[in-house]
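# Chains, contacts and geometry: an overview
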Amino acid sequence: MTVHDSVLDLIGNTPIVDVSALSPNPNVRILGKMEGQNPGGSVKDRIALAMVQEAEADGTLTPGKTIIEPSSGNTGIALAMISRIRGYHLKIVLPENVSIERRQLLEVYGAEIIPSPGNEGSNGAVRRAQEIAAEHPEWVFLYQYGNEANPRAHYRTTGPEIWADVPGVTHFVAGLGTSGTLLGVGTYLKEQNPDVKIFAVEPPAGETVEGLRNLDDGYIPPVFDKWGGFDLLDGKSIVRPRESLEYTRKMAEVGIFSGISAGAALAGACKVANRIDEGVIVYIVCDSGWKYLSTGAWTLDLDEAAANAEKVIYF
Ligand SMILES: Cc1ncc(COP(=O)(O)O)c(C=O)c1O
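Residues numbered from 1 in each chain as written. Predicted model: local features only at pLDDT ≥ 70, side-chain atom pairs only at ≥ 80, totals over all residues. Heavy atoms only, no water.

## Regarding the overall build of the protein
Counting secondary structure elements, the protein contains 11 helices and 10 strands. By the compact-globule yardstick of 20 Å for 315 residues, the protein fits well, its C-alpha radius of gyration being 18 Å. Based on the C-alpha atoms only, the size of the protein along its principal axes is roughly 55 × 45 × 45 Å. Residues counted as buried form 57% of the 315 residues belonging to the protein. Considering only contacts within the protein whose residues lie at least 6 apart along the sequence, 72% involve residues at least 24 apart. Within the structure as shown, the protein displays about 12,700 Å² of accessible surface, and the carbon and sulfur contribution to it stands at 50%. (Helix = DSSP H or I, 4+ residues; strand = E, 2+ residues; numbered from the N terminus. Rg over C-alpha atoms; globule rule 2.2 N^0.38 Å. Buried < 20%, exposed > 50% of the residue type's maximum accessible area, 1.4 Å probe, protein only. Contact = heavy atoms within 4.5 Å. Areas by Shrake-Rupley, 256 points an atom, 1.4 Å probe, with all protein chains shown as cover.)

## Quick word on helix α9 (residues 241-251)
All of the buried residues along α9 are P241, S244, L245, Y247, T248 and M251. For α9, the buried positions fall inside an angular range of 170° around the axis, keeping them on one side. Contacts made by the buried residues of α9 are with α10 (260-275), β10 (279-285) and α11 (302-309). (Arc of directions from axis to C-beta.)

## Focus: the sheet that holds strand β5 (residues 112-116)
With parallel pairing, the 4 strands of this open sheet are ordered in space as β5-β4-β3-β6. The outermost strands of the open sheet, each flanked by one partner alone, are β5 and β6 (140-141). By the bridge criterion, 5 bridges tie strand β3 (residues 66-70) to strand β4 (residues 89-95) in an arrangement that is parallel. The residue bridging I68 from the neighbouring strand is K91, located in β4. The sheet contacts of helix α2 (residues 74-86) involve β3 and β4, and relative to β4 the element is tilted by about 170°. (Pairing = 2+ DSSP bridges. Axes fitted to C-alpha atoms, helices over the stretch in contact; angles between N-to-C directions.)

## A few points about a nonpolar patch on the surface
Nonpolar side chains collect at one region of the surface, where V7, L10 and I85 lie side by side and expose about 230 Å² of accessible area between them. Along the chain, the position of I85 falls in helix α2. (Patch = residues over 30% accessible without salt bridge, like charges linked within 9 Å, V, L, I, M, F, W, Y side chains within 5 Å. Salt bridge = Lys/Arg side-chain N within 4 Å of Asp/Glu carboxyl O.)

## Some details on helix α5 (residues 149-165)
Taking 1.5 Å per residue as the helical rise, α5 with its 17 residues ought to reach 24 Å, and the 24 Å between its terminal C-alpha atoms agrees with that figure. If you look at α5, its biggest bend is around 35°, right at Y155. By the burial criterion, the buried members of α5 are A149, N150, P151, A153, H154, T158, G159, E161 and I162. (Expected span 1.5 Å × (residues − 1). Bend = angle between axes of the 7 residues up to and from the residue.)

## Topic: the packing of α9 against α10
Direction vectors running N to C along α9 and α10 enclose 95°, while the axes themselves pass 7 Å from each other. By the angle between their axes, α9 is roughly perpendicular relative to α10. Counted together, E243, S244, L245, Y247, T248 and M251 of α9 and I260, A262, G263, A264, L266, A267, C270 and K271 of α10 form the full contact between these two elements. The residue makeup of the contact of α9 with α10, split by class, is 9 nonpolar, 3 polar and 2 charged. (Parallel < 35°, antiparallel > 145°, perpendicular 65-115°, else oblique. Nonpolar A, V, L, I, M, F, W, Y, C, P; charged D, E, K, R; others polar.)

## Comments concerning the sheet that holds strand β1 (residues 16-18)
Spatially, the 6 strands line up as an open sheet ordered β1-β2-β10-β7-β8-β9, and their pairing is mixed. The open sheet has two edge strands, β1 and β9 (235-238), and neither has a second partner. The sheet shows a mean angle of 25° between the axes of neighbouring strands, taken without regard to direction. Of the pairings in the sheet, the one linking strand β7 (residues 171-175) to strand β8 (residues 197-202) comprises 5 bridges and is parallel in character. From the neighbouring strand, H171 faces β8, where its bridge partner is K197. Packing against the sheet, helix α6 (residues 180-192) makes contact with β7, β8 and β10, and its axis sits at approximately 170° to β7.

## Some remarks on unusual backbone geometry
Trans peptide bonds make up most of the peptide bonds, and negative phi angles are found at most residues other than glycine. Of note, the phi angle at N13 is positive, near 50°, even though the residue is not glycine. Following the sequence through the fold, N13 ends up in the segment before β1. Positive phi values are uncommon outside glycine, yet Y143 reaches one of about 50°. Position of Y143 relative to the elements: it lies in the loop between β6 and α5.

## Overview of the site of the ligand
Residues in close proximity to the ligand total 13 residues, the closest being K44, G177, T178, T181 and S261. T178 places a polar side-chain atom, nitrogen or oxygen, 2.6 Å from an oxygen atom of the ligand. Here S179 contributes a backbone N or O atom positioned 2.8 Å from an oxygen atom of the ligand. Starting from 390 Å² of accessible surface for the ligand in isolation, the protein chains cover 95%. (Near = heavy atom within 4 Å. Polar contact = N/O pair within 3.5 Å; in protein donor to acceptor, adjacent residues only side chain to side chain.)

Following this line, the structure appears as structure tokens:
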């Protein structure tokens, strides 16, 4: 067995699991890419490492420096793990209504938390981080929403991994936060086969589904424009909070204990499966369920959990 020098060597190369037992269409296979297997626990390990490595390479990030970043959780946790290993100070602007486990994980790795108002969601955290970064030009602002290292990480790793494991993929479905996953993977897959269709999972306009972003709600991440998001996406799948939770619970039927955005992505994948005659859909299981246990996502009555979902930011 290989002995690795660092946990950072374990980022990426995640497995894909067939969950077609949950497909509403017998002619459509549905496959989940298990990003919770990354050492920091989510898909965001990939982009955090890429942003740090690129900033180190161009001289922006030098030993002992302070990094500031807005994150509702996973990017912050990934950056905290990497910063601890590499010796950077990390300040995360975090909406105050994220699950307790997210705050605790940041503390495990020694990051400093700067709270932002819960009712302003992730957009509020972005605004606050931008203000603080402007006041402290000596700090490094990696800014996952505008940093092309984000989609590039998925273009270089997640996309090629999916293509190598599932050359017959016909559809790719993922939630949209910064949009990095959809753009990086989508661009790569379409280069291999222009017929592959790319679908974003979004909440209904005006509704807050666990931090998922609806592009019609105002803020378009700069990376989305830079990577030609409107041309790349073939469609949207609109998913409500209740459905996200329902499908998160459903995944447990095939033994997958996932985070809530993976439930949203699976719900989106099932909607796509209903619209097509046949195909192979790959969706992203962004993280596993541990960080969400305290929210009652599995234990409360579904309606109560769905009502809570409007208040808690899941990612
Ligand atoms: C759990 C989870 N799911 C989905 C997403 C969305 O991914 P992306 O930022 O690549 O669009 C994020 C990040 O925002 C996340 O943390």
